[in-house]
Amino acid sequence: MDAAHVPDDWAALAEDLAGSEWRRLVVLGATDRGKSTLIRVLASRLARQGAELSLLDCDLGQKAAGPPGCVTLADWRGGFALTALYFVGTTNPVGVMPAVVTGTARLAARASRRLLVNTSGLVDGPGLALKRWKLDVLDPDRIVLLAQPGELPGLTALIPPRRLLRLTPSPEARRKGQGRRERARRASFQAALAGAPEQVLAPTAVERMTRDAPFPEDLRLVGLADAFGEDVGVGLARWPAEGEPWRVRTFVDPARVWRLRIGMALPAETEFPGPGWSNDGAR
């Protein structure tokens, strides 16, 4: 965002944070309110004053850092550089809320820097429970709500008033239509795994993360964990025929892989270079 377009209350928050003690700041708000943009503005301004910052990205679909289908931790180095991830296997948090909360708690415990926390735009129904659980495990010093006056009363009621700061949504934020969202979702998968080589894996354990039937033709997002049980990356795979090895497109060294976790089918028409590496159907 151009400095001329940064809302005054965003700039005031950056100045306040630079001159005060805090550990964790959580940004909440509905979809398309500028949560990721606010975090980048804060990180850039605070880093120029010597602050060391990390991002805990709890949004599974529209990632500010790291691959989709994961809770991610990244350090600010002029941009966010991924340092750790927790694979949950889908971009829809509703069916995996315990995993999202677990990943949030585990990665927050690993952060040694001041922590900016990005959240999804799920703010109604089950989203209220998810936000409350995240706030409980994070115990943040500051909670920022990007919303107009009177918006999101259910969410506001969950937040201790002395920690709540309501800020203006981004003036550059625009509502995305369904078609634009689908294109953005495909692009996020492609960006995370473009150029990944095909590897032959022999995992000791295979775990299904979703309840849907594993159609052999579906291209799946998979999570890869090491012998300590720590997630070390993601990949693309189809369920192999009986007796065949797992062929996975991933940047992870096959020697590190102990467990393979099978997540969601990739969106229809998601394509990667190479024969057979595209999801042509819509399931």
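Up top you'll find the structure we're talking about.
Residues numbered from 1 in each chain as written. Predicted model: local features only at pLDDT ≥ 70, side-chain atom pairs only at ≥ 80, totals over all residues. Heavy atoms only, no water.

Draft legend 1. Structural view of the sheet that holds strand β10 (residues 220-225). The six strands are arranged β8-β12-β11-β10-β13-β9 in an open sheet whose pairing can be described as mixed. Strand pairing shows two members of the sheet lacking a second neighbour, β8 (198-201) and β9 (205-208), which therefore form its edges. Across the sheet, the axes of successive neighbouring strands diverge by a mean angle of 35 degrees, strand direction being ignored. As defined by bridge partners, strand β11 (residues 231-237) adjoins strand β12 (residues 246-250) across three bridges and the pair is classed as antiparallel. Bridged to A237 within β12 is V248. (Pairing = 2+ DSSP bridges. Helix = DSSP H or I, 4+ residues; strand = E, 2+ residues; numbered from the N terminus. Axes fitted to C-alpha atoms, helices over the stretch in contact; angles between N-to-C directions.)

Draft legend 2. Representation of the side chain of D75 within the structure. By the secondary structure assignment, D75 is in strand β3 (residues 70-76). Excluding residues within four positions of it along the chain, D75 makes contact with L53, S54, F80, A81, T83 and R113. (Contact = heavy atoms within 4.5 Å.)

Draft legend 3. How the structure looks around the sheet that holds β3. Spatial ordering of the open sheet is given by β4-β3-β2-β5-β1-β6-β7, a layout of seven strands whose pairing is mixed. Of all strands in the sheet, those with a lone pairing partner are β4 (80-87) and β7 (164-167), marking the two edges. Going across the sheet, the axis of each strand differs from the next one's by a mean of 20 degrees, ignoring polarity. Bridge count between strand β2 (residues 53-57) and strand β5 (residues 114-118): five bridges; the pairing is parallel. Bridge assignment links L56 to a residue of β5, and that residue is V117. The strands touched by helix α2 (residues 35-48) within the sheet are β1 (24-29), β2, β3, β4, β5, β6 (142-146) and β7, with β5 carrying the most contacts at an inclination of about 165 degrees. Across the sheet, helix α4 (residues 126-138) touches β1, β2, β5 and β6, and the angle it forms with β1 is around 175 degrees.

Draft legend 4. Summary view of unusual backbone geometry. Here D139, not a glycine, exhibits a phi torsion of approximately 50 degrees, which is positive. Mapping D139 onto the fold places it in the loop between α4 and β6. When its relative accessible area of 39% is taken as the criterion, D139 is described as partly exposed. The backbone of L152 sits at a positive phi, close to 55 degrees, despite the residue not being glycine. Relative to the helices and strands, L152 resides in the loop between β6 and α5 (153-156). L152 gets classed as buried once you look at its relative accessible area, which sits at 17%. (Buried < 20%, exposed > 50% of the residue type's maximum accessible area, 1.4 Å probe, protein only.)

Draft legend 5. The packing of aromatic side chains, seen in detail. Under the defined criterion, the tally for this structure stands at two aromatic pairs. With 4.8 Å between their ring centres and 75 degrees between their planes, W76 and F80 make a pair best called edge-to-face. Taken individually, W76 and F80 each receive the classification buried, so the pair is uniform in this respect. Summarising the aromatic geometry, the rings of W239 and W246 are spaced 5.5 Å apart at their centres and angled 65 degrees between planes, so their arrangement reads as edge-to-face. Taking relative accessible area as the criterion, W239 reaches 36% and is therefore assigned partly exposed. (Phe/Tyr/Trp six-rings, centres within 6.5 Å; stacked < 30°, edge-to-face > 60°.)

Draft legend 6. Local environment of α2. In this model, α2 (14 residues) spans 20 Å end to end at C-alpha, consistent with the 20 Å of a helix rising 1.5 Å per residue. Those residues of α2 that fall on the buried side of the exposure criterion are K35, T37, L38, I39, V41, L42, A43 and L46. One or two residues past the end of α2 sits G50, with phi positive at roughly 95 degrees. (Expected span 1.5 Å × (residues − 1).)

Draft legend 7. Structural view of the layout of surface pockets. In this structure, the second largest pocket encloses a volume near 300 Å³. Lining the second largest pocket we find 18 residues, and of these L82, L85, V232, G233 and V234 sit closest to its centre. Of all the elements in the fold, those that place two or more residues in the lining of the second largest pocket are β4, α6 (178-193) and β11. A breakdown of the residues in the lining of the second largest pocket according to their chemical character gives ten nonpolar, three polar and five charged. (1 Å grid on protein atoms, 1.4 Å probe; cavity = no way out; pocket = protein on both sides within 12 Å on 5 of 7 lines; lining within 4 Å. Points joined across faces, edges and corners; volume = space filled by probe spheres on them. Nonpolar A, V, L, I, M, F, W, Y, C, P; charged D, E, K, R; others polar.)

Draft legend 8. Inspection of the packing of helix α1 (residues 8-18) against α2 at higher detail. For the pair α1 and α2, the least separation of the axes is 10 Å and the interaxial angle reads 45 degrees. For the element pair α1 / α2, the angle class is oblique. Where α1 crosses over α2, the two elements pack in a sense that is right-handed. Two secondary-structure elements touch here, α1 through W10, A11, L13, A14, L17 and A18 and α2 through T37, L38, V41, L42, R45 and L46. For the contact of α1 with α2, the class distribution of residues is ten nonpolar, one polar and one charged. (Parallel < 35°, antiparallel > 145°, perpendicular 65-115°, else oblique. Left-handed = near helix turned anticlockwise from the far one by under 90°.)

Draft legend 9. Examining the pattern of salt bridges more closely. Enumeration over the complete set of coordinates arrives at 14 salt bridges. Note that R132 and D136 form a salt bridge whose closest N and O atoms lie 3.6 Å from each other. Of the two residues, R132 and D136 are both situated in helix α4; the distance of four residues between them amounts to about one turn of the helix. Here D136 falls in the exposed class, since its relative accessible area comes to 52%. Measuring nitrogen to oxygen at the nearest pair gives 3.6 Å for the salt bridge that ties R261 to D231. Here the residue R261 occupies a position in strand β13 (residues 259-265), and D231 occupies one in strand β11, the gap between them amounting to 30 residues. R261 sits in the buried class, given a relative accessible area of 9%. Overlapping salt bridges bring together R106, R110 and E230 as one network. (Salt bridge = Lys/Arg side-chain N within 4 Å of Asp/Glu carboxyl O.)

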